[in-house]
Amino acid sequence: MRRQFTASSLRLLDRLWPWLCAASVALSLLMLTALLSLLLVRGLGHFWPATLEEVTLRSGEVVTGEAIRETSLPQEAGAERLYFTGNRDVSGANWRWLALDDIVQRTTPEALVRLERTPWGDFIGRLVGIDAEGEQLEGQPAWEYLTAALALPASQRPSGELVLATADGQILRQPLASISHATAPNAMTWWQKTSAWGQRVWQFLSEGPRAANTSGGVWPAIFGTLLMVILMSVIVTPFGVLAAIYLNEIAHQNRLTRLVRIGVRNLAGVPSIVYGVFGLGVFVYGIGGSLDSWFFSNTLPSPTFGTGGLLWASLTLALLTLPVVIVATEEGLARIPDAQREGAVALGATRLEMLMRIVLPMAVPAMLTGVILAVARAAGEVAPLMLVGVAKLAPQMPVDGEFPYLHLERKFMHLGYHLFDTAFHGEDVQAAMPLVYATALLLVLIVLVLNLTAIFLRHYFRRQRGNEC
Amino acid sequence: MLASLDSANASQAPVTHFPAEHRALSIERFSLAYAGKPALRELSLDVPRHRVTAFIGPSGCGKSTLLRAINRLHDLNESVEHSGRIELEGQDIYAPRTNVTELRRRVGMVFQTPNPFPMSIYENVAFGLRLQHRLPKRQRDDIIEWALTSAALWDEVKDRLHRSAWQLSGGQQQRLVIARTLAVQPDVLLLDEPASALDPISTLKIEELIRNLKSQLTLILVTHNMQQAARVSDYTAFMHGGELVEYGTTDQVFTNPRLQRTENYITGRMT
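Residues numbered from 1 in each chain as written. Chains lettered and ligands numbered in written order. Predicted model: local features only at pLDDT ≥ 70, side-chain atom pairs only at ≥ 80, totals over all residues.

**Some points on the overall build of chain B**
At step 1: Tallying secondary structure elements over chain B gives eleven helices and ten strands in all.
At step 2: Since a compact globule built from 271 residues should have a radius of gyration of about 18 Å, the 18 Å found for chain B is in line with a globular shape.
At step 3: Its C-alpha atoms give chain B principal-axis dimensions of roughly 55 × 40 × 40 Å.
At step 4: Per-residue burial over chain B gives 48% buried out of 271 residues.
At step 5: Of all intrachain contacts in chain B linking residues separated by at least 6 positions in sequence, the fraction that spans at least 24 positions is 69%. (Helix = DSSP H or I, 4+ residues; strand = E, 2+ residues; numbered from the N terminus. Rg over C-alpha atoms; globule rule 2.2 N^0.38 Å. Buried ≥ 20, exposed ≤ 12 C-beta atoms within 10 Å, placed from the backbone. Contact = placed C-beta atoms within 7 Å.)

Rendered as structure tokens:
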């Protein structure tokens, strides 16, 4: 077959193959950039105070809302634009599609406000006035009173009632206590918008979720993810390192060792949900159930450890990431030249001294790499967690001021699961979509930061012990 | 007294044994096999105290294997079997009660490629000391200075003792390894082709160092370099196929070998 290639086609292939390789790199980079920019734009764009429009339709109806996107209709029937109109309590829906042909006028009046309310979601319309503790305010003073009141902590806010008007002239009365944020984006300068954006990003990071995870922040999920990952590392590191030392330094290098090594490598490829099932069966029902019957029998039948919780989730993920740590550490140990070991032994070091003083310090960068790879994997796992302890909405944080401060048996929130839940199980998925992007971005950023930490630490340790490694 | 011994041996034809008061090491009918494959066969020779003894021979003749046997480095390898005796100052080093770490302190070893540990120059030399007993810092500093001076490295590194040892040149690294070994005050120093990875100037420095060190301890040098063996050593053992072929003063072995095989090897007709 080879003969059939002409010399010139071979030469062409010869010229082309570097380009082929370059093209595949370029394609991968392009996809990654697309992924990251989608997350960045959709995730961070959500927090920018969007311009509110007041749209007059041909029928005379007036609609207020935020323009989201346009779609052209099939068979050249024109185009429609999607508006987020809020006011679900008045109109029954948060969203409205308007045909472009029906729109007579689009304006952006500065008086339009957007209020975030605890029941019913956002309100978009005009603030008519405030009845506050006997005072009656209208127009600009009312707006100033409202912003001043919202700047106070929730407990110190005055009681009062807002008088609101929707675009079609309906009047609503809304208690001040139900409002969490108020903006008048059309009246804001660019600088005010930027600071409002920063504030909203901070709220997203530092507050708990509201309205069944479709709005509010993700702080409990960030905290839960980090705590779970830290616990997991604390469990997996000693086990993984000791196992790698045994395999590489102590065990006879025979067929059995090779078999164990292949087994460990293949464990890394077992689907994570399988680990979840194992964790549920062994940790939660087996060990957790026994713990409950021994130590917490007074609270049975409501389980303490016999249900999914932080400890079982950490253990399951530790098991899941154990092969990663073992393989990375073992590779690090294998890279240490035997001359180093012999040098130490020839000076009268025992095997333990040789391990502790020469081999392990040299393998620290590799161990770190393993642990961080494990952490990055664990931070992104969702499937096993659904079986062993993650909650859609955890009523309590796993760490609080109550003895023993760290509550290993509690359920916790996790960014990956929060993402899944927000995207598929909310009442208003459309409204939660930007939060999905923002959460995804956050998850990517956390994993990125962890990886960068690993790279930094590895370089630091390498530099500490000479220039090359 | 040793000088008279040297001259006496120069005339005698086969030398494999020395009177007890002159011998540091005595190897008797020592055999060793890797995973059943014999590497040393019934080797017998004595190594004189405070002399440089060179082991020469073609690759695979067992000279490095013998060297490592003296320091019991083969203990790390499970598939090695041996028989016969090696005595250090009259004590069988393979006796069951031998303290192996103490033996390795007394018999230092320097390898072909410099293997400084990934730590500072100071810590490298202090490594062996720290393994034994806690010394006051002053005393430790003195020993380290003495060891580095003995290894002809002190002047080059005294200003950067706490820098990484891996920043030294190859020749400096090898002298550092020698200093590290000297710091624990061994009786015997085993050198396994210590200069083969070094440039000619570093090689000369190492050779000079070896000649100077023999007033302090017994040295055994494995080398592929005939000129080096001739320049540095007092006694030379020629090995081939795991057996000792000829052993005598370096002068005699190089100028008047008894056996044709030795002469062929030395003159480069057999490798």
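**Describing the pairing of strand 6 (residues 107–110) of chain B**
Residue and element names in this part refer to chain B.
At step 1: Of the two faces of strand 6, the one lined by Val107 and Met109 and the one lined by Gly108 and Val110 are each fully buried.
At step 2: Looking at chain direction, strand 6 and strand 7 (residues 188–192) are connected through four bridges and run parallel. The partner of Val107 across the bridge, within strand 7, is Val188. (Pairing = 2+ DSSP bridges.)

**Re the domain arrangement of chain A**
Residue and element names in this part refer to chain A.
At step 1: Its domain assignment divides chain A into domain 1 (53–107), domain 2 (112–150 + 159–194) and domain 3 (219–468).
At step 2: Taking only C-alpha atoms into account, the centre of domain 1 sits 23 Å from that of domain 2.
At step 3: Opposite the 13 residues of domain 1 that make contact, domain 2 presents twelve residues.
At step 4: It is strand 2 (residues 62–72) that provides the largest number of residues to the side of domain 1 that touches domain 2, a total of four residues. (Domains from an automatic or database assignment.)

**Focus: the confidence of the model for chain A**
At step 1: Of the residues in chain A, 96% have a pLDDT of 70 or more, and the chain-wide mean is 84.
At step 2: Per-element mean pLDDT across chain A ranges from 72 in strand 13 (residues 215–216) of chain A up to 92 in helix 8 (residues 310–335) of chain A. (pLDDT = per-residue confidence, 0-100.)

**Structural notes on the nonpolar core**
Soluble, globular proteins show a tendency: their nonpolar side chains are buried together.
At step 1: With 147 residues, the main nonpolar core has Ala179(B) and Leu190(B) as its most contacted residues.
At step 2: Considering every element that reaches this core, the biggest residue donor is helix 8 of chain A, with 16 residues.
At step 3: Aside from chain neighbours lying at most four places away, what touches Ala179(B) is Val125(B), Ala147(B), Leu148(B), Ser150(B), Ala151(B) and Leu153(B).
At step 4: Leu52(A), Leu112(A), Leu115(A) and Phe123(A) belong to the second largest nonpolar core, which has 14 residues in total. (Core = buried A, V, L, I, M, F, W, Y, C linked by C-beta atoms within 7 Å.)

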